[in-house]
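# Per-entry structural report
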Amino acid sequence: MSDPIHDWAREYSGELGELPKAHRPAAQRARLLFAFRGKKKPRSFTKAYFVLASGALAVAGLLLWHAAAPTARSAPAPSAGVLLGDEGLAVGSSIRTTVAPTTISFSGGTRAVWDRNSRGTVSKLSARTVELTLDAGSLDMDVEHQEGRTWIVRSGKFRVYVIGTAFSVSREAASEEFKVKVKRGQVRVESPDLQGGYILLGEREEFGWRPPPSAPPPASTALSAPNLPPPSPTTSNSQARPKPPQVTASQSWQVLARAGKYEMAVAEVEKLGTESVLASSSADDRLLLGNAARYSGRLELGSRAYLAARELGGAAAPLAAYYLAKIALDTNGDHSGAIRWLKTYVREAPSGDLAPSARARLMNLLQATGRHAEAQKVAREYLTLHPTGPNAQTARKLLELP
Amino acid sequence: MEADIEKIEHQNALLVSEAIENPSAGLILLYEQYSRSVNRLVYRLLGPDADHDDIVQQVFLQMIQSITRLKSPERLNLWVRSIAINIVRSELRKRSVRRAFLRFAPKDEVTRDMNEEIESTEFMSASADALRRLPAEERIVFLLYYLEEHSLPEIADACGFSTMTAKRRLSKARERFRRQMSKNDALGSLIDRGRAP
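Residues numbered from 1 in each chain as written. Chains lettered and ligands numbered in written order. Predicted model: local features only at pLDDT ≥ 70, side-chain atom pairs only at ≥ 80, totals over all residues. Heavy atoms only, no water.

## A look at the pairing of strand β9 (residues 166–171) of chain A
All names here are of chain A.
- The buried fraction of β9 amounts to 5 of the 6 residues, a majority that puts the element mostly inside the structure.
- One ladder, built from 6 bridges, connects strand β6 (residues 129–142) with β9; its direction is antiparallel. Bridging across to β9, Leu139 finds its partner in Val169.
- By the bridge criterion, 6 bridges tie β9 to strand β10 (residues 178–184) in an arrangement that is antiparallel. In the sheet register, Ser168 faces β10, and the bridge partner there is Lys181.
- Hairpin connection from β9 to β10: 6 residues lie between these consecutive antiparallel strands, with Glu176 at a positive phi of about 70°. (Buried < 20%, exposed > 50% of the residue type's maximum accessible area, 1.4 Å probe, protein only. Helix = DSSP H or I, 4+ residues; strand = E, 2+ residues; numbered from the N terminus. Pairing = 2+ DSSP bridges.)

Next comes the structure, spelled out in structure tokens:
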């Protein structure tokens, strides 16, 4: 007699498959990086205690509210007032304001203010994700960062992802005109109509979209409009800086890269045309672009920029060789490629800032690939040139020295 | 073979040092190396789930946050697996607590789209329901054993408890699951099939 659970497991495993049907690694990676950049340091014990206490109070309030008004959740929101977001609403709850705004306050301190004559729904509500859908009107969000919680505002075919920021989203139901204004922090706007699938908006930046005038006015929402013409995004920076013609054009890609906004810098370069940027850049800028591309996971673009930096020679050339070694090793585990580039670095900049690290990596790689004699040669060189370096112990071990 | 293992271990050591030196770049490298296996494991343990991407994201963020505490980089693969399992475990525990306290919490956080996917067949719907009824700890052990075909010592190692505990939890989960199977027509037919000569 066979074990029915084994039979079940075989059948279930086969039906389930290996990965979700809607698995999109590129989008997942982009969201991961976005979440990582928006991460704050772990809360201190005191703060965590405070948050726990606030959470307990919020739950108590919720239970009282729930007991007092069990039907309020499914009813339209009051014309003015405050709702407890996390627990007071359920997925699918609709929000409709008329003459006064309505605020939804969430336990972590996040507030969503629905302006007058706005309507929408709570489309997702879990510990990790809160998604609000704005059908018409305006929604002002002030998001307090919470570890592991993502906030999304959905409007038509646009999705605005947030980590910790203040911004507003508005949508004209009739014209489909969509607008995002960032007051603080950074948001990511996703739409299939955007080049590359998304844009990042920084502090005090705006993004607007409206269908081209030639398009007939749609009868329903953008999602259901067939053969929608290409969008006409407009962006601006409304306050401190002069209005830029495009989302990130207010800052050059170099400024963005130096500020650590690698993805934005790469997006800006791609907007300008990678080839033309590379052709008109100095060796240092090519190196900068290589680093921005590498840090944002665009290793192919990184390689191209580093190779372009090497073409111009100078001090950037050996550095580019060092980073090419890193890419060779990290992308394909290409040990021989990495060894070649590390040797190039050591030859071109024998006493460069990265020379101890390059020699150490070279020594390890040669040893790992069975080229012991060469590894020992590099180890001897390492001990001569960097006798107190962090890898001196490894070098001594390799040479069987005490 | 030994040289291959050594090469992988060496590569892992480099990956770990890169992640410590430059967490942003390290995160990308970790994602590129482990994206498929983490996505697969989370999916196999949770099934189709609205929070799948968020949970995978949490696994990688946890990795980069705690990579400095990884004592043996050669065990990187096992460490990654263990983080993924523990995050799914804690997610399941949180859900059961939420379900207990909030009667109106969404059922297992599965959105309508996902429900359509999982409940595409009566068998899958009944399976999801039976799994949902297992306590978090038992469900993890049960799925790692039956679906992922891990041995009890492997499960114990990944989950951080003893082999005896793993054995006890598996036995309880098996009993509960069998009871669920016998209550449901779609799953009960498997028991009947097992009894057939």
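There is more to say after this.
## Regarding the side chain of Thr110(A)
- On the secondary structure map, Thr110(A) appears in the loop between β3 (102–105) and β4 (111–114).
- Leave out the neighbours within four places in its chain, and Thr110(A) touches Ile104(A), Ser105(A), Met141(A), Asp142(A), Val143(A), Glu144(A) and Trp151(A). (Contact = heavy atoms within 4.5 Å.)

## Brief notes about the confidence of the model for chain B
All names here are of chain B.
- Per-chain confidence: chain B averages 80 in pLDDT, with 79% of residues scoring 70 or above.
- Per-element averaging of pLDDT across chain B places helix α5 (residues 112–118) at the bottom with 39 and helix α7 (residues 136–146) at the top with 93.
- In this model residues 104–119 is a low-confidence stretch, pLDDT under 50, and it forms 36 contacts with partners more than four residues away in sequence or in other chains.
- Across the whole predicted complex the pTM is 0.44, and at the interface the ipTM reaches 0.84. (pLDDT = per-residue confidence, 0-100.)

## Re the confidence of the model for chain A
Residue and element names in this part refer to chain A.
- Here chain A shows a mean pLDDT of 73. Residues at 70 or above account for 71%.
- Here residues 69–87 is modelled with pLDDT under 50, and outside its nearest four sequence neighbours on either side it reaches 47 contacts, counting other chains as well.
- Note that residues 215–250 has pLDDT below 50 and, in this model, 74 contacts with residues that lie over four places away or in other chains.

## Some thoughts on the pattern of salt bridges
- Applying the stated criterion to the full structure yields 27 salt bridges over all chains.
- We note a salt bridge from Glu18(A) to Arg40(B), for which the minimum N-O separation is 2.4 Å. With Glu18(A) in the loop between α1 (4–16) and α2 (25–37) and Arg40(B) in helix α2 (residues 23–46), this pair bridges two chains.
- The class for Glu18(A) is partly exposed, based on a relative accessible area of 35%.
- What makes Arg40(B) partly exposed here is its relative accessible area of 22%. (Salt bridge = Lys/Arg side-chain N within 4 Å of Asp/Glu carboxyl O.)

## Some words on unusual backbone geometry
- Although it is not a glycine, Glu400(A) sits at a positive phi angle of roughly 55°.
- Relative to the helices and strands, Glu400(A) resides in the segment after α14 (392–398).
- We classify Glu400(A) as exposed; its relative accessible area is 71%.
- Positive phi outside glycine occurs at Glu149(B), with the angle close to 55°.
- Mapped onto the secondary structure, Glu149(B) falls in the loop between α7 and α8 (152–159).

## Some words on the packing of aromatic side chains
- One pass over the structure, following the stated rule, counts 11 aromatic pairs over all chains.
- Linked through ring pairs, Trp8(A), Tyr12(A), Phe142(B), Tyr145(B), Tyr146(B) and Phe177(B) together constitute an aromatic cluster.
- Lying across the ring of Phe161(B), Arg169(B) places its NZ or CZ 4.7 Å from the centre. (Phe/Tyr/Trp six-rings, centres within 6.5 Å; stacked < 30°, edge-to-face > 60°. Lys NZ or Arg CZ within 6 Å of the ring centre and 35° of its normal.)

## So, the packing of helix α6 (residues 262–272) of chain A against helix α8 (residues 283–295) of chain A
Residues and elements named next belong to chain A.
- Two elements in contact, α6 and α8, have axes whose closest approach is 8 Å; the angle formed by their N-to-C orientations is 120°. Considered as vectors, α6 and α8 are oriented oblique to each other. Relative to α8, the crossing made by α6 is left-handed. Note on element contacts: α8 touches α6 through Leu289, Ala292, Ala293 and Tyr295, opposite Tyr262, Ala265, Val266 and Val269.
- Residues of the contact of α6 with α8, tallied by class, amount to 8 nonpolar, no polar and no charged. (Axes fitted to C-alpha atoms, helices over the stretch in contact; angles between N-to-C directions. Parallel < 35°, antiparallel > 145°, perpendicular 65-115°, else oblique. Left-handed = near helix turned anticlockwise from the far one by under 90°. Nonpolar A, V, L, I, M, F, W, Y, C, P; charged D, E, K, R; others polar.)

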